[in-house]
Amino acid sequence: MERIKHDLRLSEIVSPFGVGAIVDMRGESLIAADTSWWDKKHSHEIHCERLLQRIGAGELREPPTHSGRVAKGTPSLLYWRFPEWRFCERCTKLSDRSGKDKGKWTNKCACGGILVPMRYIAICEKGSHTQDIPWFTWAHRGSDSGITDAVRFCRAYKELRFVRSAKSGEGLKSLRVECGSCKRSRSLSDLVAKSALGRDGLRCSGRQPWQDPTTAAVCDHALAAVQRGATGNYIAERLSALDIPEERPASVQLADKIRGHVYFDKLVSDNGGPQSDMVSEWIAAELNTTKDVVLAVAAQDGTDLDEPLMDLKDGEWAAFVKKLEQSGRDNSGSDFVVDGWDLSPRPDWPSTLTGRIDSIGQVRRVREVRALLGFRRHDGNAERIMADLGPDQRRKPVYPAIEMFGEGIFLRFNEAVLAEWERRPEVLARADALIGRRNATEWAHRLPTPEPRFIALHTIAHLLVRRLAYASGYASASLQERIYASSERPDRTAGVLIYTAAGDAQGTLGGLVRLGAPDKLVPLLLAALDDADVCSNDPVCIESDSQGSSSLNLSACHGCSLVSETSCESGNRLLDRQLVFGGRSVPGLLEGVLEEVRTSAA
């Protein structure tokens, strides 16, 4: 087979056309092999310690080739033809063999017609394996009266054809696989019924198409016939991290001070005895904290064991807070440059808005590293297949990764106002509806916990992304969100980062960061709120408490709040306009902002 010079961008080789994905390219259907097949000499290593610590052992490597550097002598990525079974568009012959032209393998039939890949493949329902449907075997199976001895013992492998029969009506019944020798004919409608492949005796091979059949593991899960282009065939599992100076959150710094106190060993040795209360009060008074915090640190065991890995967002939040506290222009010249500005009240700005936002950061430069950890097939609860299936998959696996440089806008919300708002019973009851649905949905456990502050800040981020798409020069699909909203961690977070990062260029042109100046961002935020105040689907939308996939949205739809799914961390889920604007019985986080603006303008 001749080499195919593809035109995939670097970012597409990680997602959505990464390891294990089916790619349609120049009339052919291919599948990307795992990273053990990569030529490491031509695969640039990417360094991001924060991300590697989160993943564990392994390496991050950039794909060896992409459209930016395709040439005759360029190392190529290996792709397997999948599915192997194809039919000729001219003579309708069905085969898993390729033709030859002057001694070279080619995607043409012996009659000269182009070979077209079959539209259906087999997916393992729980093991995330995939394989060709053995069409010859399937065509000669079944439980109907057409199964005779001639059909059962037919060996005419070259007489199989894929035809359309107008006599059978429309749809899958009109698409049939026929054998020219035994005259057996079977429609594709028999293929897609539940457990159809299992009834025909077809079993999972326990491997991916590019793996050696001799090393396949036993898999007892059922097979399902699906269209090869179905979105559920490839569910990528990615992780990204901002390459920032790893700052230690305040709670971790306080825990270190408590452990270093001269009385801490005495507190640990007492182990909850009669002196614990007294000693913990001494330590708390000196370090300006509470007795409960001191006792919680002591309960961990009081030794200097390695700390558990902090969540990626904890370190990022601490780094942003440090930059904002410095205030003013950032002249550090690193890969993380943030100008911080306090949002001081002004006569022409609504106090209901400035009282809820503490500060704004203009992120002039940020480096993001995205890695593909693996993928699943058919179901979000299926087994995860690693991106590296080679001999080093446990000792030192290689993960496909890309680094991107971009710009952004960071909003830090007022923690005191947010905490007071989210304690209100009406707000908690509204959020509990989403929490219950998330817990009841099998695959939704990978989504963030939809506590009130997360839902509100997440919705605000979407509204701002939609407005920035008009003002920044970037399409909404080019903008990304990163939500820092958690009240359950020791260091509470309440912020939103909207940024853009390009995988094929060393930075961006400033169209987004210039809008992060307070005198430009506040009017944009007000315009974003005004855009979503009335949805084209109202009153149905604003009064709804069940929308979207698995009902994981409340008052949010495509007319007001949804953005490109590539821009959203949660796949356009966990959104609610009522927690932003307010409802009949629900106070919104930014309720009253638009009313104040309209009153002052009247």
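Throughout, residues of each chain are indexed from 1 in the direction in which the sequence is written. Only residues with pLDDT of at least 70 get local features here, since the model is predicted, and only at 80 or more are side-chain atom pairs given and counted; chain-wide, interface and lining totals rely on the full set of residues. As a rule here, side-chain values cover all heavy atoms of the structure and leave hydrogens and water aside.

1. Section: the overall build of the chain
The secondary structure content of the chain amounts to 17 helices and 22 strands. Buried residues in the chain amount to 50% of all 602 residues. Counting every atom, the chain has about 28,700 Å² of accessible surface; 49% of that belongs to carbon and sulfur. Each helix is a run of H or I in the DSSP string that is no shorter than four residues. Each strand is a run of E no shorter than two, and both are numbered from the N terminus. Accessible area is worked out with a 1.4 Å probe on protein chains only. A residue is then buried under 20% of its type maximum, exposed over 50%, and partly exposed in between. Accessible surface area values rest on a Shrake-Rupley calculation with a 1.4 Å probe, where residue burial reflects the displayed protein chains alone.

2. Things to note about the nonpolar core
Judged by nonpolar contacts, the single largest core of 55 residues is most densely connected at Leu 457 and Leu 468. Ranked by residues supplied to this core, first place goes to helix α14 (residues 452–471) with 10 residues. A contact between two residues is defined here by any heavy atoms of the two lying within 4.5 Å. If sequence neighbours within four positions are ignored, Leu 468 has contacts with Ile 409, Gly 473, Tyr 474, Leu 479, Ile 498, Leu 512, Leu 515 and Leu 524. To define a nonpolar core, start from buried Ala, Val, Leu, Ile, Met, Phe, Trp, Tyr and Cys residues and group those joined through side-chain atoms within 4.5 Å. Counting residues in hydrophobic clusters, the runner-up holds 35 residues, among them Trp 210, Leu 389, Ile 402 and Leu 497.

3. Comments concerning the pairing of strand β13 (residues 175–179)
Across the 5 residues of β13, 4 count as buried, placing the element largely inside the fold. Pairing of strand β12 (residues 160–164) with β13 involves 5 bridges; the strand directions are antiparallel. Note that in β13 the partner of Arg 164 across the bridge is Leu 175. Two strands are said to pair when DSSP picks up at least two bridges between them. As judged from the 3 bridges shared by β13 and strand β14 (residues 185–187), these two strands associate in the antiparallel manner. When the sheet's bridge partners are listed, Val 177 is paired in β14 with Arg 186.

4. A look at the packing of aromatic side chains
Pairing of aromatic rings covers Phe, Tyr and Trp, the last through its six-membered ring, and needs centres within 6.5 Å; plane angles under 30 degrees mean stacked, over 60 mean edge-to-face, and all others mean tilted. A complete count under the given rule lists 11 aromatic pairs for this structure. Relative to Phe 336, the ring of Phe 320 lies with its centre 5.2 Å away and its plane at 75°, an arrangement referred to as edge-to-face. Note that Phe 320 is positioned in helix α10 (residues 312–326) and Phe 336 in strand β17 (residues 336–342), a separation of 16 residues in sequence. With respect to class, Phe 320 is no different from Phe 336; both count as buried. The exposure class of Phe 320 is buried, given its relative accessible area of 0%. By the ring-pair criterion, three or more aromatic residues cluster together here, those being Trp 317, Phe 320, Phe 336, Phe 410 and Tyr 484. Counting as a charge over the ring demands two things of the Lys NZ or Arg CZ atom: a distance within 6 Å of the ring centre and an angle within 35 degrees of the ring normal. Between the NZ or CZ atom of Lys 313 and the centre of the ring of Tyr 484, over which it lies, the distance is 5.9 Å.

5. Describing the sheet that holds β13
Spatially, the 3 strands line up as an open sheet ordered β12-β13-β14, and their pairing is antiparallel. On the outer flanks of this sheet lie β12 and β14, each paired with one strand and no other. Mean inter-strand twist for the sheet, computed between neighbouring axes without regard to direction, equals 25°. Interaxial angles span 0 to 180 degrees and are taken between N-to-C directions of axes, which are lines fitted to C-alpha atoms, for helices over the stretch in contact.

6. Thoughts on unusual backbone geometry
Of the consecutive residues Phe 82 and Pro 83, the connecting peptide bond is found in the cis state with omega at 0°. Mapped onto the elements, Pro 83 comes out in the loop between β4 (79–81) and β5 (86–88). In this chain, Asp 538 is followed by Pro 539 through a cis amide linkage whose omega measures 5°. Along the chain, Pro 539 falls in the loop between α15 (518–533) and α16 (578–581). At Thr 92, a position not held by glycine, the phi torsion is positive, near 65°. As for its placement among the helices and strands, Thr 92 is situated in the loop between β5 and β6 (94–95). Judged by its relative accessible area of 23%, Thr 92 falls in the partly exposed class.

7. Focus: the confidence of the model for the chain
Each residue carries a pLDDT value, the predictor's own confidence for that position, ranging from 0 to 100. Residues at a pLDDT of 70 or more form 90% of the chain, whose mean pLDDT is 85. In the model, residues 302–310 has pLDDT below 50 throughout and makes 14 contacts with residues more than four positions away in sequence or in other chains.

8. Side note on the environment of Ser 351
Looking at the secondary structure, you find Ser 351 in helix α11 (residues 351–354). Ser 351 sits 242 residues away from Val 593 along the chain, and the two C-alpha atoms are 7.9 Å apart.

9. Notes on the packing of α14 against α15
At a minimum axis distance of 9 Å, the contact between α14 and α15 shows a crossing angle of 110°. Judged by the angle between their axes, α14 and α15 are roughly perpendicular. Across the interface between the two elements, Ile 460, Leu 463, Leu 464, Arg 467, Leu 468 and Ala 471 of α14 pack against Leu 521, Leu 524, Leu 525, Ala 527, Ala 528, Leu 529, Asp 531 and Ala 532 of α15. Residue classes in the contact of α14 with α15 are distributed as 12 nonpolar, no polar and 2 charged. When describing relative orientation, an angle under 35 degrees is termed roughly parallel and one over 145 degrees roughly antiparallel, while 65 to 115 degrees is termed roughly perpendicular and anything else oblique. Ten residues, namely Ala, Val, Leu, Ile, Met, Phe, Trp, Tyr, Cys and Pro, are considered nonpolar, four, namely Asp, Glu, Lys and Arg, are considered charged, and the remaining ones, Gly among them, are considered polar.

10. Focus: α15
The span you would expect from a helix comes to 1.5 Å times its residue count less one. In this model α15 runs 22 Å from its N-terminal to its C-terminal C-alpha over 16 residues, within 8% of the 22 Å that 1.5 Å per residue would give. Inspection of α15 places Pro 518, Leu 521, Val 522, Leu 524, Leu 525, Leu 526, Ala 527, Ala 528, Leu 529 and Ala 532 among the buried residues, and these make up the whole buried set.

11. Regarding the side chain of Arg 356
On the secondary structure map, Arg 356 appears in the loop between α11 and β18 (357–376). Side-chain atoms alone can form a polar contact between residues adjacent in sequence; in general such a contact is a pair of N or O atoms within 3.5 Å, and within protein one must be able to donate a hydrogen while the other accepts it. Looking at Arg 356, its side chain comes within polar contact range of the main-chain oxygen of Thr 352, at 2.5 Å. In this structure, Arg 356 is in contact with Phe 413, Asn 414, Val 417, Leu 589, Leu 590 and Glu 591, ignoring residues within four places of it in sequence.

12. Examining the packing of helix α12 (residues 415–422) against α14
Taken N-terminus to C-terminus, the directions of α12 and α14 make an angle of 120°; their axes are 9 Å apart at the nearest point. Counted together, Glu 415, Leu 418, Ala 419, Trp 421 and Glu 422 of α12 and Pro 452, Arg 453, Ala 456 and Leu 457 of α14 form the full contact between these two elements. Within the contact of α12 with α14, the residues separate by chemical class into 6 nonpolar, no polar and 3 charged.

13. A word on the environment of Gly 571
Within the secondary structure, Gly 571 sits in the loop between α15 and α16. Judged by relative accessible area, Gly 571 falls into the buried class, the value being 17%. Along the backbone, Gly 571 and Ser 549 are 22 residues apart, and their C-alpha atoms lie at a distance of 9.3 Å.

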